[in-house]
Amino acid sequence: MGSALENYVNQVRTLSASGSYRELADELPESLSLLARNWSILDNVLETLDMQQHTLGVLYVLLAKLHSAGTANPEPVQLIQLMRDFVQRNNVDQLRFAVCAFYETCHLFTDFVVQKNLSILGLRILSRAIDQIRQLDTQLTPIHADLCLLSLKAKNFGVVLPYLDADITDISTVAAECKTQQQQQSQHTVDANNDAKYFLLYYYYGGMIYTAVKNYERALYFFEVCITTPAMAMSHIMLEAYKKFLMVSLIVEGKIPNIPKNTQVIGRFMKPMANHYHDLVNVYVNSSSEELRIIILKYSEAFTRDNNMGLAKQVATSLYKRNIQRLTKTFLTLSLSDVASRVQLSSAAEAERYILNMIKSGEIYASINQKDGMVLFKDDPEKYNSPDMFLKVQTNITQVLDLVKQINKMEEEIILNPLYVKKALGSQDDDLTSQHPKTFSGDPTD
Amino acid sequence: MHLNKYTELLERLESEELEQVELGAEVYQQLLAIYLYENKLANAKLLWMRVPDKLKEDKELSQLNLLNLALQHNNYTDFFKHIKYEWSEKVKAPLEDLLLKQREELFTLVGSAYVSIYQQDLLELSLLSENELKKTCAALDWTEELYGDRVILKPKVKETPPSRGNDDQLLKLTEFVTFLEN
């Protein structure tokens, strides 16, 4: 083992033993290039360190290994195993001193497994990593985006969905971490610039995952967060999210919902670049399935290039359904062949199949009479008096209650914030001084 | 019939998939069968997408996928056609449950969606023999009628029984009122 590496080990051991993790975390980044240069003998270094006691030392060795993965070409399974051991056995208290480095390790690890086509093996590891490093269950970390990426690559959403379902109330960013740790900003500026990227990616990937499991409402919310993030310039993540946002909102609502005013980026940059999609929206609003089919065919190349062809087909199906739903508002009974011609389906049998499926999924209420080939449209039989509806209302109430609690808590935090107090009191002081003479003007002793 | 009777097995299989590199067809078969039974069609579709190519040639697995596709497209005829197959021991139990569940679902659906349906159409949907169908319909108290030379069935709508106790509801309401008062 080279003497420089011996120094590294000694440094890690002495500082870890005396508990000066702060100092250690500040000094280790300087050894990173040294470690990466000696990638061939890093395993020897690992043998002399204990994951529990020398978490920081091991972390940087891991980071160096991942940095040099391109040249060293390590055995993937071995490296994954190492990472797994690390997230299972490390010492979280020590890890907190080097959060930025930990994030970077996770990002590099993600790239590595994606490249090796072993994404599915990384899911558990990253979920464990998130559990360790986040301070609240509702905190968003940059690792979330990595986990989403791996889930998409592995096409396995069982692990990631609980994370996506949690509403985020707090965001951990590299910039904020550096501030609290008062590290030199310079060495992490690159990472800090990526904060926005990981934030946007989380919502973009999250939206895609929800779209894949057909939870369109939630997907729409995720895309909306992504495109309404305050920004001066447009990110391409936002543009892609915007395209998907348009399509998903057609499926969910049949029109484009109002987008908050504070997002000039959409109007200025995104609209011109998503022309095809706006054409699609305009045609959809005319509710002619035939025209919609033609326009999807016309732009199929662009949609395929954007990997949005599947969504486009969903949009087409949703228009048929929406048109049938519209019929239920006008007619009480209608023959199946009339339904077919009005919504431009090819035959009465096809119309019957659509209606049957829609009845099954509860999108319309109707009954089919095969004897005379008629459909009888009914009103929503929900009388709001069933136990199920009651349960639904209850869950909604509980959610609202939680939200109220959360808002109260956040408000309290703001009220207690010294800066806010200073500002609020400051303006009051001004008022007081200006009013001062007046109060004394009417003083009887004057 | 409990919906969660396969939960434990499912959890074990899922975690196996997350940690092993080379998986046999069996794990995928069982997973797919359980997803189908639990009506997690999105999961089933994604599972099929991540099955390695060389395993896709597995006879039983591709047969399962035919079921999967039939369910995705709400195609009952295909479903009942493809489920008639010599399943191996490992997937037999969930698939038998699935068959029962689907049959029940079909009849509930037809019961609520049709005022009248030709017997022939229902036979094609459910792939039951005429006698079996007659028995099922009699059990559901459906009436039949002759229309020309074709038999028409007139389904009856089933009432769904209440699912929760009153005490529980009262408790929740109390909770809510307490909140409002504070």
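As named in an unreviewed UniProt entry, chain B is COP9 signalosome complex subunit 8, taken from Drosophila kikkawai. For chain B, the Sequence similarities (unreviewed entry) comment in UniProt is given as "Belongs to the CSN8 family."

Chain A is annotated in an unreviewed UniProt entry as COP9 signalosome complex subunit 3 from Drosophila kikkawai. Listed under Sequence similarities (unreviewed entry) in UniProt, the entry text for chain A is "Belongs to the CSN3 family."

Caption draft 1: The arrangement of the packing of helix α6 (residues 76-89) of chain A against helix α9 (residues 119-133) of chain A in detail. All names here are of chain A. Contact pair α6 / α9: the axes reach a minimum separation of 9 Å and the direction vectors enclose 25°. Here α9 runs roughly parallel to α6, going by the angle between their axes. Between α6 and α9 lies a crossing whose hand is left-handed. Touching Ile 80, Met 83, Arg 84, Val 87 and Gln 88 of α6 are Leu 121, Ile 125, Arg 128, Ala 129 and Gln 132, all from α9. Of the residues belonging to the contact of α6 with α9, the class tally is six nonpolar, two polar and two charged.

Caption draft 2: Summary view of the pairing of strand β2 (residues 143-147) of chain B. All names here are of chain B. Of all five residues in β2, zero are buried; the element is thus mostly exposed. Pairing between β2 and strand β3 (residues 150-154): five bridges, direction antiparallel. By the bridge assignment for β3, Thr 143 is matched with Lys 154.

Caption draft 3: Just the domain arrangement of chain A, in detail. Under the domain assignment used here, chain A contains domain 1 (3-213), domain 2 (234-319), domain 3 (331-379) and domain 4 (384-410). Each of domain 1 of chain A and domain 3 of chain A has a C-alpha centre, and the two are 56 Å apart.

Caption draft 4: Spatial organisation of the confidence of the model for chain B. Overall, the prediction assigns chain B a mean pLDDT of 80, with 92% of residues at 70 or greater. The least confident element of chain B is β3 of chain B, whose mean pLDDT is 76; the most confident is helix α4 (residues 59-72) of chain B, at 87.

Caption draft 5: Representation of the interface of chain B and chain A in the model. Taken together, the 27 residues of chain B in the interface contact 29 residues of chain A. For the side of chain B that touches chain A, the secondary-structure elements that each account for two or more residues are α1 (7-19), α3 (41-50), α6 (89-113), β1 (114-118) and α9 (166-181) of chain B. Ranked by residues supplied to the side of chain B that touches chain A, first place goes to β1 of chain B with five residues. Each residue belonging to the side of chain B that touches chain A can be placed in one class, and the counts come to 16 nonpolar, five polar and six charged. By the bridge criterion, two bridges tie strand β4 (residues 366-369) of chain A to β1 of chain B in an arrangement that is parallel. Residue Asn 369 of chain A lies in a different strand from β1 of chain B, and its bridge partner there is Ser 116 of chain B.

Caption draft 6: Region of interest: the pairing of strand β5 (residues 374-377) of chain A. Alternating residues of β5 of chain A divide into Val 375 and Phe 377 of chain A, all buried, and Met 374 and Leu 376 of chain A, none buried. Where β4 of chain A folds back onto β5 of chain A in an antiparallel hairpin, the turn is made up of four residues, including Gly 373 of chain A, whose phi is positive at roughly 65°.

Caption draft 7: Spatial organisation of the nonpolar core. Core analysis: the biggest nonpolar cluster contains 124 residues, and Ala 98 and Cys 226 of chain A have the highest contact counts within it. A total of 11 residues in this core trace back to one element, the largest contributor, which is helix α13 (residues 189-212) of chain A. Ignoring sequence-local partners within four residues, the contact set of Cys 226 of chain A consists of Leu 200, Tyr 203, Tyr 204, Gly 207, Ile 237, Met 238 and Ala 241 of chain A. By size, the runner-up hydrophobic cluster in this structure holds 22 residues, among which are Leu 345 and Ala 366 of chain A together with Tyr 114 and Leu 153 of chain B.

Caption draft 8: Looking closely at the domain arrangement of chain B. Residues and elements named next belong to chain B. By the assigned domains, chain B splits into domain 1 (1-102) and domain 2 (114-158). The C-alpha-based centres of domain 1 and domain 2 are spaced at 30 Å. Every contact between the two is made by four residues of domain 1 and, on the other side, four residues of domain 2. Looking at the side of domain 1 that touches domain 2, its residues break down into two nonpolar, one polar and one charged.

Caption draft 9: Broad picture of the confidence of the model for chain A. Residue and element names in this part refer to chain A. Of all residues in chain A, 90% have pLDDT values of 70 or greater, and the mean over the chain is 83. Taken element by element, the predicted model of chain A shows its lowest mean pLDDT in helix α24 (residues 418-441) (63) and its highest in helix α10 (residues 142-154) (92). Counting interchain partners and residues more than four positions distant, the pLDDT-below-50 stretch residues 434-446 has zero contacts.

Caption draft 10: Just α6 of chain A, in detail. Residue and element names in this part refer to chain A. With 14 residues, α6 should cover 20 Å at 1.5 Å per step; its first-to-last C-alpha distance of 20 Å lies within 8% of that length. Among the residues of α6, those classed as buried are Leu 79, Ile 80, Met 83, Phe 86 and Val 87. Each buried residue of α6 lies within a common arc of 120° when the element is viewed along its axis, so the set occupies one face. Facing away from the buried surface of α6 by more than 90 degrees, the exposed residues are Val 77, Gln 78, Gln 88 and Arg 89. On the buried face of α6, the contacting elements are α4 (55-67), α8 (99-115) and α9.

Caption draft 11: Focus on the packing of helix α15 (residues 236-253) of chain A against helix α20 (residues 309-330) of chain A. Residues and elements named next belong to chain A. Where α15 meets α20, the axes come as close as 9 Å, and the angle between the chain directions of the two elements is 25°. Considering their axes alone, α15 and α20 lie roughly parallel with respect to each other. In the packing of α15 onto α20, the handedness of the crossing is left-handed. Two secondary-structure elements touch here, α15 through Lys 244, Met 247, Leu 250 and Ile 251 and α20 through Leu 311, Ala 312, Gln 314, Val 315 and Ser 318.

Cut-offs applied
Residues numbered from 1 in each chain as written. Chains lettered and ligands numbered in written order. Predicted model: local features only at pLDDT ≥ 70, side-chain atom pairs only at ≥ 80, totals over all residues. UniProt positions renumbered as here; feature names shortened; annotations may be inferred. Axes fitted to C-alpha atoms, helices over the stretch in contact; angles between N-to-C directions. Helix = DSSP H or I, 4+ residues; strand = E, 2+ residues; numbered from the N terminus. Parallel < 35°, antiparallel > 145°, perpendicular 65-115°, else oblique. Left-handed = near helix turned anticlockwise from the far one by under 90°. Contact = placed C-beta atoms within 7 Å. Nonpolar A, V, L, I, M, F, W, Y, C, P; charged D, E, K, R; others polar. Buried ≥ 20, exposed ≤ 12 C-beta atoms within 10 Å, placed from the backbone. Pairing = 2+ DSSP bridges. Domains from an automatic or database assignment. pLDDT = per-residue confidence, 0-100. Core = buried A, V, L, I, M, F, W, Y, C linked by C-beta atoms within 7 Å. Expected span 1.5 Å × (residues − 1). Arc of directions from axis to C-beta.

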